[in-house]
Amino acid sequence: MSANDAKIGLSREEMAQRVAMDIPDGSYVNLGIGIPELITRFVPEGREFIYHTENGLLGMGPSPAEGEGEPELINAGKRQVTAIPGASYFQHPDSFAMIRGGHLDLCVLGALQVANNGDLANWSTGGPDAIPAVGGAMDLVAGVKSVFVVTQHCTKHGDPKLVDACTYPLTGPGVVDRIYTDLAVIAVTDEGFQLVELSPGVTFDYVAERTGAPLLPIATPTAS
Amino acid sequence: MINKEVPSVAEAVADIFDGATVMIGGFGEAGSPIELIHALIDQGASGLTVVNNNTGSGEVGLAALIKAGRVSKMICSYPRSMNSTVFPELYRSGKIELELVPQGTLAERIRAGGAGIPAFYTATAVGTMLADGKETREFDGKTYIMERGLKADFTLIKCRQADTYGNLIFNKTARNFAPPMAMAGTVTIVQTESVVAPGEMDPEIVVTPGIFVNRVVQVQNPQHESVLVASGVSYP
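The structure displayed is predicted, hence computed values, not measured ones.

With respect to the overall build of chain B
Regarding its fold elements, chain B presents seven helices and eleven strands. Relative to a compact globule of 236 residues, whose C-alpha radius of gyration would be 18 Å, chain B shows 18 Å and is just as compact. Once the C-alpha set of chain B is aligned to its principal axes, its extents read approximately 50 × 40 × 30 Å. Across the 236 residues in chain B, those meeting the buried criterion constitute 56%. The contacts in chain B between residues at least 6 apart in sequence include a share of 76% that link residues at least 24 apart. Between the mean site of the 19 positive side-chain charges and the mean site of the 24 negative ones, chain B shows a separation of 5 Å.

Structural data, given as structure tokens:
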């Protein structure tokens, strides 16, 4: 744990918890694989979210108890899940009608890169040996009302994931609304990346140095 | 008299021909008609174009069909997943063709094909490399790309219960691509855990009406891909 102790910024769980705080009560939400999956553990008191998984379940519940799972009740990551009371099953065209038809309020996805115009790259590194696999990511970003990204601020090699132009193949152009990282919450605006909130113990300069495009300071409300 | 039940999986897939386009239901292992796929391996048809969301796992089911060299082209959204090694190897060595389609576009192409819609417009993939070469059109100030409906010579799916008219109900998230694929297949072949007489299934809960189904074969206790893979089974 010593490496974690020395680390500045939020843990994966804290990032998930921070995203959950911004999800309105009653939202229909699609969660991507990885950190987004952790959001289900941090639903704020007094709020209720309904989770959609694109392989045909609205009302996805937590993982089953050991030994109680079913091979035909799984999520988009092909892991066994449960269905909450009030859940529904449906076929793929209906599932993507929910997505493409603008019926889902929010999706929370991981990212390889996000550009300051909202471009998202999260499906392929474009490498010559990579097996391209897109799944439902392009449908989600094209159709869901709000798109949040939750990701580490930098790659394992320390390179910024928030950039001025994506170098990896795009999932969708201009689709990201907000980015939640270990260091900050950042909105994608017409003017580019705008800081919304710094993680505890993190300074503006620290975030700006690790962001591959200009970072606008927190918008101060105009005096009235 | 209408009775779509056939006595064995071998007879159900007997006329699948070389070069056929075959839609296979399932999302990962959920809904994968493993017994029908294994019967197709035994039957020997090759040069197949297969439509499925994935490419199977381990060396059973769809992955075994691919490993046996029977598939020349995959149309899918996510060809790599846990325990998926057969397709990636063949793809890297240029021995199998891949048409990568976003998942919702794949579902709608199949639905459209089955519904007599030759093409449709969608915002999915606009501005990405998967839109390259596709016709675009603006509607109400927003750009869309044209995608073609998709049909198949044969469809292989699994369900929980069928009646002898071919009405079907499914099991949880195993439903996924089966209903649109049943519509899009010229010959739709269904393996089902149980078969009942007409009238025993409540018409209000029928998911796929029998008009979309040609053959029904009972496989009472279907195998599960993850169980076979975990025990190291390789088919045949």
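After that view of the structure, there is still more to cover.
Digging into the interface of chain A and chain B
Chain A puts 36 residues into the contact, and the matching count from chain B is 46 residues. Of the roughly 3,400 Å² buried between chain A and chain B on both sides combined, carbon and sulfur atoms contribute 63%. Contact with chain B buries surface across chain A, with E72(A), K78(A) and I131(A) losing the most and accounting together for 23% of the total. Counting every contact that joins chain A to chain B gives two salt bridges. Where chain A packs against chain B, one counts 17 residue pairs in polar contact (both at pLDDT 80 or more).

Points about the pairing of strand β2 (residues 48–51) of chain B
Successive residues of a regular strand alternate their side chains across the two faces of the sheet. All names here are of chain B. The side-chain alternation of β2 yields two buried faces, one formed by L48 and V50 and the other by T49 and V51. Strand direction decides the pairing type here: strand β1 (residues 21–24) and β2, joined by three bridges, are parallel. Across the sheet, M23 pairs through a bridge with V51, a residue of β2. Note that β2 and strand β3 (residues 71–76) share four bridges and pair parallel. Looking at β3, one finds that V50 is bridged to M74. Handedness of the crossover is the feature at issue here: the chain leaves β2, passes through helix α3 (residues 61–67), returns alongside β3, and the resulting connection is right-handed.

Quick notes on helix α2 (residues 34–43) of chain B
In an α-helix, one full turn covers 3.6 residues, which means residues spaced three or four apart are oriented alike. All names here are of chain B. With respect to burial, α2 is a largely interior element, eight of its ten residues being buried. Those residues of α2 not exposed but buried are I34, E35, L36, I37, H38, A39, L40 and I41. In the stretch just after α2, G44 is the one whose phi turns positive, near 100°.

Thoughts on the pattern of salt bridges
This model, assessed by the stated rule, comprises 15 salt bridges over all chains. Note that R18(A) is salt-bridged to D22(A), the shortest N-O span being 3.0 Å. A relative accessible area of 25% means that D22(A) is categorised as partly exposed. A salt bridge links E147(B) to K134(B), with the nearest nitrogen and oxygen atoms 3.1 Å apart. Highlighted residues: E147(B) in strand β7 (residues 142–148) and K134(B) in the loop between β5 (119–122) and β6 (136–139), separated in sequence by 13 residues. On the basis of relative accessibility, which here comes to 30%, the residue K134(B) falls in the partly exposed class. Because the salt bridges share partners, they merge into one network encompassing R18(A), D22(A), R178(A) and E197(A).

Here we look at the packing of helix α3 (residues 92–100) of chain A against helix α5 (residues 103–114) of chain B
Helix-helix packing: each pair is described by the crossing angle between the helix axes and the interaxial distance. Look at α3(A) against α5(B): their axes get within 9 Å of each other, and the N-to-C directions meet at 125°. In terms of their interaxial angle, α3(A) and α5(B) are classed as oblique. In terms of crossing hand, the pair formed by α3(A) and α5(B) is left-handed. In this structure, α3(A) uses H92(A), P93(A), F96(A) and R100(A) to contact α5(B), whose residues at the interface are Q103(B), G104(B), T105(B), A107(B), E108(B) and R111(B). Here the contact of α3(A) with α5(B) is composed, by residue class, of three nonpolar, four polar and three charged.

Points about the side chain of T49(B)
Looking at where T49(B) falls in the secondary structure, it is placed in strand β2. Discounting chain neighbours no more than four positions away, the residues touching T49(B) are A20(B), T21(B), V22(B), K73(B) and I75(B).

Some remarks on the sheet that holds strand β9 (residues 162–163) of chain A
All names here are of chain A. Taken together, the three strands give an open sheet; going across it, the order is β7-β6-β9, and neighbouring strands pair in mixed fashion. Both outer strands of the open sheet, β7 (120–121) and β9, are each paired with one neighbouring strand and no more. Where strand β6 (residues 113–115) lies against β7, two bridges are found, and the strand directions are antiparallel. Its bridge partner being in β7, V114 is matched across the sheet by L120.

Thresholds, definitions, all that
Residues numbered from 1 in each chain as written. Chains lettered and ligands numbered in written order. Predicted model: local features only at pLDDT ≥ 70, side-chain atom pairs only at ≥ 80, totals over all residues. Heavy atoms only, no water. Helix = DSSP H or I, 4+ residues; strand = E, 2+ residues; numbered from the N terminus. Rg over C-alpha atoms; globule rule 2.2 N^0.38 Å. Buried < 20%, exposed > 50% of the residue type's maximum accessible area, 1.4 Å probe, protein only. Contact = heavy atoms within 4.5 Å. Lys, Arg positive; Asp, Glu negative; His and termini not counted. Charge placed at Lys NZ, Arg CZ, Asp CG, Glu CD. Buried area = accessible area lost by both parts, 1.4 Å probe. Salt bridge = Lys/Arg side-chain N within 4 Å of Asp/Glu carboxyl O. Polar contact = N/O pair within 3.5 Å; in protein donor to acceptor, adjacent residues only side chain to side chain. Pairing = 2+ DSSP bridges. Right-handed = clockwise from strand over helix to strand, strands pointing away. Axes fitted to C-alpha atoms, helices over the stretch in contact; angles between N-to-C directions. Parallel < 35°, antiparallel > 145°, perpendicular 65-115°, else oblique. Left-handed = near helix turned anticlockwise from the far one by under 90°. Nonpolar A, V, L, I, M, F, W, Y, C, P; charged D, E, K, R; others polar.

In short, the description is geometric, and any link to function would need to be established separately.
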